[in-house]
Amino acid sequence: GDDTMSLATRFPLPPTVHIVNLQQYEDEGERAEHISVLSPRAPHLEAFSCAQLLRRKGWRLIQDAPAATIERGHVIEAQKGTAHARLTFMPDRSGVGGTAIVIVWKKV
């Protein structure tokens, strides 16, 4: 139905993922999105795809590394102009073997 409109984001995402939750909020003039995404692929593969896509779209990667606190997890931090994004990739706990990704995107 029309509720899919609420899951529209302009944040660059590879076609292999689908958005399960999107929250948009504004805090003291700073606009942000909190995006929860699922992928059927492994965390390191999806992280690689996202990193390539962000670079193509003109983002600068500040961090692109395994997550210290998450087993088989990965963290990407990227900047484009005043915008900042942090992507956390972790094994999907629902047991299907894919990846859960949490993206916090401060559009500023």
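Residues numbered from 1 in each chain as written. Predicted model: local features only at pLDDT ≥ 70, side-chain atom pairs only at ≥ 80, totals over all residues. Heavy atoms only, no water.

What is the right way to look at helix H1 (residues 43–56) in this model?
Helical periodicity: at 3.6 residues per turn, an α-helix aligns residues three or four positions apart in one direction. Between the first and last C-alpha of H1 there are 20 Å, a value that for 14 residues agrees with the 20 Å anticipated at 1.5 Å per step. For H1, the set of buried residues is Pro43, Glu46, Ala47, Ser49, Cys50, Ala51, Leu53 and Leu54. Packing partners of the buried residues in H1 comprise strand E2 (30–39), strand E3 (60–66), strand E4 (74–80), strand E5 (83–91) and strand E6 (99–106). Two residues or fewer after H1 comes Gly58, characterised by a positive phi angle close to 90 degrees. (Helix = DSSP H or I, 4+ residues; strand = E, 2+ residues; numbered from the N terminus. Expected span 1.5 Å × (residues − 1). Buried < 20%, exposed > 50% of the residue type's maximum accessible area, 1.4 Å probe, protein only. Contact = heavy atoms within 4.5 Å.)

Would you explain the sheet that holds E2 in this entry?
Each strand in a sheet pairs with its neighbour through backbone hydrogen bonds, running either in the same direction (parallel) or in the opposite one (antiparallel). With respect to topology, six strands assemble into an open sheet ordered E1-E2-E6-E5-E4-E3, the strand pairing being antiparallel. Bordering the open sheet on either side are strand E1 (18–27) and E3, each of which pairs with just one other strand. On average, each strand axis in the sheet is inclined to that of its neighbour by 10 degrees, with strand direction left out of account. Pairing geometry for E3 and E4, over six bridges, is antiparallel. Each residue of the ladder has a partner; that of Gln63, found in E4, is Glu77. The sheet contacts of H1 involve E2, E3, E4, E5 and E6, and relative to E5 the element is tilted by about 165 degrees. (Pairing = 2+ DSSP bridges. Axes fitted to C-alpha atoms, helices over the stretch in contact; angles between N-to-C directions.)

What is the right way to look at the side chain of Ser36 in this model?
Positionally, Ser36 belongs in strand E2. The exposure class assigned to Ser36 is buried, which follows from its relative accessible area of 17%.

Help me understand the pattern of salt bridges in this model?
Opposite charge on two side chains lets them pair, provided their charged atoms get close. In the structure shown here, the tally under the stated rule is three salt bridges. Across the pair Glu33 and Lys107 runs a salt bridge, and its minimum N-O distance is 3.0 Å. Residue Glu33 is located in strand E2, and its partner Lys107 is located in the segment after E6; the two are separated by 74 residues in the primary sequence. For Glu33, a relative accessible area of 2% corresponds to the buried category. (Salt bridge = Lys/Arg side-chain N within 4 Å of Asp/Glu carboxyl O.)

How should the packing of aromatic side chains be read in this particular structure?
Here the distance between the centres and the angle between the planes together describe a pair of aromatic rings. In this structure the tally under the stated criterion is two aromatic pairs. Relative to Trp59, the ring of Phe11 lies with its centre 5.5 Å away and its plane at 65 degrees, an arrangement referred to as edge-to-face. Of this pair, Phe11 sits in the segment before E1 while Trp59 sits in the loop between H1 and E3, and the two are 48 residues apart along the sequence. Residues Phe11 and Trp59 agree in their burial class; the two are buried. An aromatic cluster of at least three residues, connected via ring pairs, comprises Phe11, Trp59 and Trp105. Its end group placed over the ring of Trp105, Lys107 keeps NZ or CZ at 5.1 Å from the ring centre. (Phe/Tyr/Trp six-rings, centres within 6.5 Å; stacked < 30°, edge-to-face > 60°. Lys NZ or Arg CZ within 6 Å of the ring centre and 35° of its normal.)

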